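Overview (structure and organization)
The lines below spell out each chain.
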Amino acid sequence: LTQPFTSSRCPSLAGKPKLFFIQACQAQDEEPPAQADGPEDPYDTDAGPVVPETIPNDSDILLGMATVEDRKSYRHTYRGSAFIQELCKQLEWGCPRKEDILSIMTRVNRKVSSTSLGKFKQMPEPRYTLTKKLILSMD
């Protein structure tokens, strides 16, 4: 799902955050680093040639998974997904307060994991390779 947005496949998104909130099975794939967009420096230093900055190919991605691997996620027939409902609620509360996305996701984890979904429980799992603090603004 995230491969079309990696630095090597979409250089214009290199170094920019990419957020995915999904309810699906998890998978893992590795790729070599990709070069970041930017002007090339044609000058050498006394220590040798200047090496363009590289970033890991899968950097700056946040996957907000509804549940941990090998577990089911639950959806109320009228209210919808517990994970998506709580995510929306916490984004509406945290964004105007300039709260970073990882703090918001931690609160989503706490709220969903402490909620009874009939006779079931659910534990969301954010996975991220963000390299900077991300604050979503409603301005």
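The protein is annotated in an unreviewed UniProt entry as Caspase 8 from Anguilla japonica.

On to the environment of Thr131. Mapped onto the fold, Thr131 is located in the segment after strand E9 (125-128). Remark: the alpha-carbon pair of Thr131 and Asp60, spanning 71 residues in sequence, is separated by 5.8 Å. Ignoring anything within four residues of it in the chain, the contact list for Thr131 reads Ser59 and Asp60. Among the polar contacts listed, one links the side chain of Thr131 to the side chain of Asp60, at a separation of 2.6 Å.

Packing of helix H1 (residues 82-94) against helix H2 (residues 101-113) leaves a shortest axis separation of 9 Å and a crossing angle of 135 degrees. If you check the angle between H1 and H2, you find them oblique. Seen from above, H1 lies across H2 with right-handed handedness. Contact residues: H1 offers Ala82, Phe83, Glu86, Leu87, Gln90, Leu91, Trp93 and Gly94, while H2 offers Ile101, Ile104, Met105, Arg107, Val108, Lys111 and Val112. Taken together, the residues that form the contact of H1 with H2 break down as 10 nonpolar, two polar and three charged.

Topologically, Thr6 is positioned in the segment before strand E1 (18-22). Classification of Thr6 by relative accessible area gives buried; the value is 0%. Not counting chain neighbours up to four residues away, the residues in contact with Thr6 comprise Asn57 and Asp58.

Attention now goes to the nonpolar core. One recurring pattern in soluble globular proteins is that nonpolar side chains are buried together. Among the nonpolar cores identified, the biggest contains 13 residues, and Phe83, Leu87, Leu91, Ile101, Met105 and Val108 are the most heavily contacted of them. Residue assignment for this core shows that the elements contributing at least two residues are H1 and H2. With five residues, the single largest contributor to this core is H2. Not counting residues within four places of it along the chain, the set of residues in contact with Val108 comprises Phe83, Glu86, Leu87, Gln90 and Pro124.

Here H1 is 13 residues long and its end C-alpha atoms lie 18 Å apart, about the 18 Å a rise of 1.5 Å per residue gives. Taken together, the buried positions of H1 are Ala82, Phe83, Glu86, Leu87, Gln90, Leu91 and Gly94. One face of H1 carries all of its buried residues, which in axial projection span an arc of 150 degrees. Between the side-chain oxygen of the N-cap and the backbone nitrogen of Phe83 there are 3.2 Å, and the N-cap of H1 in question is Ser81.

The subject of this paragraph is the sheet that holds strand E6 (residues 61-65). The strand order E1-E6-E9 describes an open sheet built from three strands, whose pairing is mixed. Each edge of the sheet is formed by a strand with only one pairing partner; in this case those strands are E1 and E9. The mean angle between the axes of side-by-side strands here comes to 10 degrees, regardless of whether they run parallel or antiparallel. Running over the sheet, H2 touches E1, E6 and E9 and is turned about 160 degrees from E9.

Rules and cut-offs
- Residues numbered from 1 in each chain as written.
- Predicted model: local features only at pLDDT ≥ 70, side-chain atom pairs only at ≥ 80, totals over all residues.
- Heavy atoms only, no water.
- Helix = DSSP H or I, 4+ residues; strand = E, 2+ residues; numbered from the N terminus.
- Contact = heavy atoms within 4.5 Å.
- Polar contact = N/O pair within 3.5 Å; in protein donor to acceptor, adjacent residues only side chain to side chain.
- Axes fitted to C-alpha atoms, helices over the stretch in contact; angles between N-to-C directions.
- Parallel < 35°, antiparallel > 145°, perpendicular 65-115°, else oblique.
- Left-handed = near helix turned anticlockwise from the far one by under 90°.
- Nonpolar A, V, L, I, M, F, W, Y, C, P; charged D, E, K, R; others polar.
- Buried < 20%, exposed > 50% of the residue type's maximum accessible area, 1.4 Å probe, protein only.
- Core = buried A, V, L, I, M, F, W, Y, C linked by side-chain atoms within 4.5 Å.
- Expected span 1.5 Å × (residues − 1).
- Arc of directions from axis to C-beta.
- Pairing = 2+ DSSP bridges.

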